[in-house]
Structures are given as C-alpha cells and as structure tokens.
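# Results of the structural survey
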Amino acid sequence: MARLSDFRVNARTLRDGDWVDLGEDWDGLRLKVRGQSRTYFDARARAMQRAAKEHGGDEARIPEAVVDRINAECLGEHVLLDVAGLEDAGQAVTVDRLRTLLTDPDAAPLVSAVMVAVDRLARRARAEAREAEGFSAPPSAGG
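Here is a short report on the structure shown in this document. These figures come from a predicted structure and were not determined experimentally. (Residues numbered from 1 in each chain as written. Predicted model: local features only at pLDDT ≥ 70, side-chain atom pairs only at ≥ 80, totals over all residues. Heavy atoms only, no water.)

### What about the overall build of the chain?
What counts is decided by this rule: Runs of E in the DSSP output that reach at least two residues are strands. Runs of H or I that reach at least four are helices, and both are numbered from the N terminus. Throughout, radius of gyration means the C-alpha value; the globule benchmark is 2.2 Å times the number of residues raised to the power 0.38. The buried label goes to any residue with under 20% of its type's maximum accessible area, the exposed label to any with over 50%, and the partly exposed label to all in between, with areas taken from a 1.4 Å probe on protein chains only. Whether two residues touch is decided by their heavy atoms; if any such pair falls within 4.5 Å, the residues are in contact.
Within the chain, the secondary structure is distributed over five helices and five strands. Along the chain direction, N to C, the helices and strands of the chain fall in the order α-β-β-α-α-β-β-β-α-α. For the chain, whose C-alpha radius of gyration is 19 Å, the value lies well above the compact-globule estimate of 15 Å for 143 residues. Here the chain holds 143 residues, and 30% of them are scored as buried. Long-range pairs, those at least 24 residues apart, make up 62% of the contacts in the chain with a sequence separation of at least 6.

Pasting the structure below:
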C-alpha cells in the first residue's frame, strides 16, 4: 500500500531550482533547473493550442518536429535556469545560447539532458521530504 509520505516533496527545491550534476554520462555537464510547474504546463498547453489551429484544432495532427520545438522552448523558458560545464570551440556556453540550442533538432540530446536534470531534481526533492519527515518529532499527545 502506498504511504502518504511517498508523495511528499520539498516544494521549495522544485520551485526555486538547484544545480544538478549530470555526471560522467554527460561529460560533467551541470544544469540549474526547477521543476515543471504549472507555469511550464500552461505555457506548453497554450503553444500546443496555437499550433493545433493550423491542423483543424487537433493536437494529434501537429507534426512531431513542431511538438519537439514547443517542448524545447517551454523547457528553456520555464525550467532551465543556468548551465555549467558546457563549451563550444573553447568558449563556455551561456544559458541563453543553450536555450536557443534546445530548439535545434540536431541538438536533441540537450533537451534530454534538461529532462534528466528535472527528473533528478524531483527525486532529490522527494528524498529531502522523506529525510525531513524522518527527523521530525511525532505530534505530542498532550497538545
């Protein structure tokens, strides 16, 4: 049976964001991200509705490339906060440049990196909530 504590998170971590080290699988790339909030989901829904207008209002008919661009733009605008450990021709890649790169279909692994970072941040927020719960005292019987 599921426990209520399994569904608690440190909401501040998700809201404010934090650095996530993607490790050696990503050659030391570090991203500062926040959780996918209502702002992200609302922006994505609005963009999908606009795109669907060109396809008879049917979101299922939006071309995959357009959906990928919408996802990348929304991640860049509402989730990605900063980048470290990424360079191009010896120059550090800025967060603004990374946001632009996210929309390049040939740079799709960067979108995956942002999504992995968001997932790791969410897992950390759940672990923080469980840890905090473990250190909290039970309510007193006397009030």
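### A closer look at the packing of helix α2 (residues 38–53) against helix α3 (residues 64–78)
To characterise two packed helices, one gives the angle between the axes of the helices and the distance between these axes. Note the following rule: Axes here mean lines fitted to C-alpha atoms, for a helix over just the part in contact, with angles spanning 0 to 180 degrees between N-to-C directions. Geometric relationships in this document are graded by angle, where less than 35 degrees denotes roughly parallel, more than 145 denotes roughly antiparallel, 65 to 115 denotes roughly perpendicular, and other angles denote oblique. Each crossing gets its handedness from the near helix: less than a right angle anticlockwise from the far helix is left-handed, clockwise is right-handed.
Interaxial distance between α2 and α3 falls to 10 Å at its minimum, and their mutual angle equals 150°. One element, α2, and the other, α3, form an angle in the roughly antiparallel class. Where α2 crosses over α3, the two elements pack in a sense that is right-handed. On α3, the residues touching Thr39, Tyr40, Ala43, Arg44, Ala47, Met48 and Ala51 of α2 are Val66, Val67, Ile70, Asn71, Cys74, Leu75 and His78.

### So, a negative patch on the surface
To keep it simple, the criterion reads: By definition, no residue in a patch forms a salt bridge, and every one has over 30% relative accessible area; like charges are joined within 9 Å, nonpolar side chains (Val, Leu, Ile, Met, Phe, Trp, Tyr) within 5 Å. Exposure was quantified through the Shrake-Rupley algorithm and a 1.4 Å probe, taking into account, for residues, occlusion by the shown protein chains and nothing else. Between Lys or Arg on one side and Asp or Glu on the other, a salt bridge is scored when a side-chain nitrogen of the former is within 4 Å of a carboxyl oxygen of the latter. Here the positive residues are Lys and Arg and the negative ones are Asp and Glu; neither His nor the chain ends is included. Charge coordinates come from a single atom per side chain, which is NZ of Lys, CZ of Arg, CG of Asp or CD of Glu.
Together, Asp21, Glu24, Asp25 and Asp27 make up a negatively charged patch on the protein surface. Its location among the elements puts Asp27 in the loop between β1 (18–21) and β2 (30–33). A relative accessible area of 67% means that Asp27 is categorised as exposed.

### Remarks on the side chain of His78
Summarising the element assignment, His78 is placed in helix α3. Residues within four places of His78 in sequence aside, it is in contact with Arg34, Thr39, Tyr40 and Ala43.

### Quick word on α2
Spelled out, the test is: Helix span is expected to be 1.5 Å times the residue number reduced by one.
In a regular helix each residue adds 1.5 Å, so 16 residues correspond to 22 Å; α2 covers 23 Å between its end C-alpha atoms and thus fits that length. All of the buried residues along α2 are Tyr40, Ala43, Ala47, Met48, Ala51 and Ala52. Where α2 is buried, its residues contact α3.

### A word on the nonpolar core
Stated precisely, the cut-off is as follows: Nine residue types can take part in a nonpolar core, namely buried Ala, Val, Leu, Ile, Met, Phe, Trp, Tyr and Cys, and a core is a set of them joined through side-chain atoms within 4.5 Å.
Judged by nonpolar contacts, the single largest core of 33 residues is most densely connected at Leu31, Val33, Leu80, Leu98, Leu102 and Val114. Among the elements of the structure, β2, α2, α3, β3 (80–84), α4 (95–102) and α5 (108–135) are those that each provide at least two residues to this core. The greatest single-element share of this core, amounting to seven residues, is contributed by α5. Those residues within four positions of Leu31 in sequence are excluded, and the remaining contacts are Asp18, Trp19, Val20, Leu22, Leu80, Asp82, Val83, Leu98, Ala113, Val114 and Ala117.

### Here we look at the pattern of salt bridges
Enumeration over the complete set of coordinates arrives at seven salt bridges. One salt bridge connects Asp16 with Arg15, and the closest N-O pair in it is separated by 3.7 Å. Asp16 gets classed as partly exposed once you look at its relative accessible area, which sits at 43%. Taking the shortest distance from any N to any O, the salt bridge between Arg97 and Asp88 comes out at 3.1 Å. Among the residues examined, Asp88 registers a relative accessible area of 39% and is labelled partly exposed.

Function cannot be inferred from these measures alone, as they are strictly geometric.
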